[in-house]
Amino acid sequence: KSSQTLKGKNVLITAGPTRERIDPVRFITNHSTGKMGYALAEAAKNAGAKVILISGPVNISPPPGVEVVKIESANDMYHAVMGKFASADIVIKTAAVADYRPKVSYDHKMKKQPGDSVIELERTKDILFELGTLKKDQILVGFAAETENVEEYARKKLETKNADMIVANNVKSEGAGFGMDTNIVTLIKRDGTKIELPLMSKFEVAEKIIEEIAVIPKGFGNE
Ligand code: PMT
């Protein structure tokens, strides 16, 4: 039984993919299944936290005793997160949020035309970045899904997003990343420490992340 290291804390966790609508029958998305984020919700709940899980469309059930807010697009995710941020003590951004969405979303099904076609994309809001600029004494934890130079990119994200910890996920390693029941991650903290975790189940990874968050001093990243 895990100890109550987050007793009384409000923890906001995002999970799953987003869907960016092209027309009523098509969308752009990614391979996130929500497993990592839902495991974190369970581990945080077990550690005594009050958990809000903001989730994109997934096929798994949330752990009992967790409040779930279902969203679809990156823009929905942005509004849901912003609405809950002020009352959160800890935010963990596991969701694989789309960086781009179609510039135009049609309200009728796009018809086939002769020849090739182009869908113009525009940037979505970088939610993690915005939280980094808004944060007061919240602990902000981001993920970094990379296929190369994982640690270097993760350290950069820690700075540019004003995060307290980045969970660096090499999504190319066997047994790690999207869809799997296991993961391989490296935790990089604000004080420079790096914790390389071996291949573990997503739930064990989640417990370790929660353990490490629990020892981050509040407001640490705000000096
Ligand atoms: O869901 P699973 O199948 O279990 O897979 C787990 C996972 C691979 C999705 C997860 O472990 C993971 O790595 N999540 C982060 C995926 C991601 O989008 O990484 P990124 O490097 O593109 O984004 C970096 C950080 O910025 C993330 O915390 C992300 O939530 C956040 N972000 C990204 C884009 C955006 N517009 N706003 C954001 O806040």
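Notes on the structure in this doc start here. Predicted model only: the values in this text are computed from it and were never measured.

1. Focus on the overall build of the protein chain
- Across its full length, the protein chain carries 5 helices and 14 strands.
- Rg of the C-alpha trace for the protein chain: 18 Å, near the compact-globule value of 17 Å for 223 residues, within the 12% margin.
- Along the first, second and third principal axes, the C-alpha set of the protein chain runs to 60 × 35 × 35 Å.
- Counting across all 223 residues of the protein chain, residues that qualify as buried make up 42%.
- Within the protein chain, counting contacts between residues at least 6 apart in sequence, those at least 24 apart form 63% of the total.

2. As for helix H5 (residues 202-214)
- Taking 1.5 Å per residue, 13 residues should reach 18 Å; H5 reaches 18 Å between its end C-alpha atoms and fits that length.
- Every buried residue of H5 is accounted for by Lys-202, Val-205, Ala-206, Glu-207, Ile-209, Ile-210 and Ile-213.

3. Remarks on the site of the ligand
- Close contacts around the ligand come from 26 residues, with Lys-35, Lys-93, Ile-127, Phe-143 and Ala-145 the closest.
- Ranked by the residues each element gives to the shell around the ligand, the list is headed by strand E9 (residues 139-146), at 4 residues.
- Of the residues contributing to the shell around the ligand, the split by class is 12 nonpolar, 10 polar and 4 charged.

4. Focus on the nonpolar core
- Counting 56 residues, the largest nonpolar core has Val-11, Ile-13, Leu-40, Ala-44, Val-141, Ile-166 and Val-167 as its most contacted members.
- The biggest single contributor to this core is helix H1 (residues 35-46), with 7 residues.
- Sequence-distant contacts of Val-11, defined by excluding residues within four places in its chain, comprise Leu-6, Ala-44, Ala-49, Lys-50, Val-51, Ala-88, Asp-89, Ile-90 and Ile-92.

5. As for the sheet that holds strand E10 (residues 165-170)
- Reading across from one edge, E5-E4-E1-E6-E9-E10-E12-E13 is the order of the 8 strands in this open sheet, with mixed pairing throughout. The sheet is open, and its two borders are formed by strand E5 (67-70) and strand E13 (194-196), each paired with just one other strand. Sheet twist, expressed as the average angle between the axes of neighbouring strands with direction ignored, equals 15°.
- Note that strand E1 (residues 10-15) and strand E4 (residues 50-55) share 6 bridges and pair parallel. By the bridge assignment, Ala-15 is partnered in E4 with Ser-55.
- Set on the sheet, H1 makes contact with E1, E4 and strand E6 (90-93); between it and E1 the angle comes to about 165°.

6. A short note on the environment of Tyr-100
- In this fold, Tyr-100 is placed in strand E7 (residues 100-102).
- Tyr-100 gets classed as partly exposed once you count the C-beta atoms within 10 Å, which come to 14.
- Along the sequence, Tyr-100 and Glu-122 sit 22 residues apart, while their C-alpha atoms lie 5.2 Å from each other.
- For Tyr-100, the residues in contact, after removing those within four places along its chain, are Leu-121, Glu-122, Arg-123 and Thr-124.

7. Looking at H1
- For H1, with 12 residues, the first-to-last C-alpha span of 16 Å sits near the 16 Å given by 1.5 Å per residue.
- By the criterion of burial, H1 is predominantly enclosed, with 12 of the 12 residues buried.
- All of the buried residues along H1 are Lys-35, Met-36, Gly-37, Tyr-38, Ala-39, Leu-40, Ala-41, Glu-42, Ala-43, Ala-44, Lys-45 and Asn-46.
- Its buried side turned inward, H1 meets E1, E4, E6, strand E11 (182-183) and H5.

8. Concerning unusual backbone geometry
- Here the phi dihedral of Asn-149 falls at roughly 45°; this positive angle occurs in a residue that is not glycine.
- On the secondary structure map, Asn-149 appears in the loop between E9 and helix H4 (150-160).
- Judged by local crowding, Asn-149 falls into the exposed class, with 11 C-beta atoms found within 10 Å.
- Although it is not a glycine, Asn-162 sits at a positive phi angle of roughly 55°.

9. What to know about the pairing of E6
- Residues Ile-90 and Ile-92 line one face of E6 and the alternating positions Val-91 and Lys-93 line the opposite face, and both faces are buried.
- The sheet contact formed by E1 and E6 spans 4 bridges and is parallel. Along E6, the bridge assignment pairs Leu-12 with Val-91.
- As judged from the 4 bridges shared by E6 and E9, these two strands associate in the parallel manner. Pairing of Val-91 across the sheet is with Leu-140, part of E9.

Thresholds applied
- Position labels on residues start from 1 in each chain and follow its written sequence.
- Two thresholds apply to this predicted model, a pLDDT of at least 70 for residue-level local features and 80 or more for giving and counting side-chain atom pairs, whereas whole-chain, interface and lining totals are computed over all residues.
- To qualify as a helix, a DSSP run of H or I must reach at least 4 residues; to qualify as a strand, a run of E must reach at least 2; elements of each kind are numbered from the N terminus.
- Between the two quantities, the radius of gyration covers C-alpha atoms and the globule rule is 2.2 Å times the number of residues to the power 0.38.
- The burial criterion counts other C-beta atoms lying within 10 Å of a residue's C-beta, which is placed from the backbone; the residue is buried at 20 or more, exposed at 12 or fewer, and partly exposed between these limits.
- Once C-beta atoms are placed from the backbone, any two residues with those atoms within 7 Å are in contact.
- What a helix is expected to span follows from its residue count: subtract one and scale by 1.5 Å.
- Being near a molecule or strand means, for a residue, that its C-beta atom, positioned from the backbone, comes within 6 Å of it.
- Amino acids are sorted into nonpolar (Ala, Val, Leu, Ile, Met, Phe, Trp, Tyr, Cys and Pro), charged (Asp, Glu, Lys and Arg) and polar (every other residue, Gly among them).
- Joining buried Ala, Val, Leu, Ile, Met, Phe, Trp, Tyr and Cys residues through C-beta atoms within 7 Å gives a set, and that set is a nonpolar core.
- Strand pairing is defined by DSSP finding a minimum of two bridges between the two strands.
- Here, axes are lines fitted to C-alpha atoms. For helices the fit covers the stretch in contact, and angles between N-to-C directions go from 0 to 180 degrees.

From the geometry alone we can't say anything about function, so treat these as descriptive.
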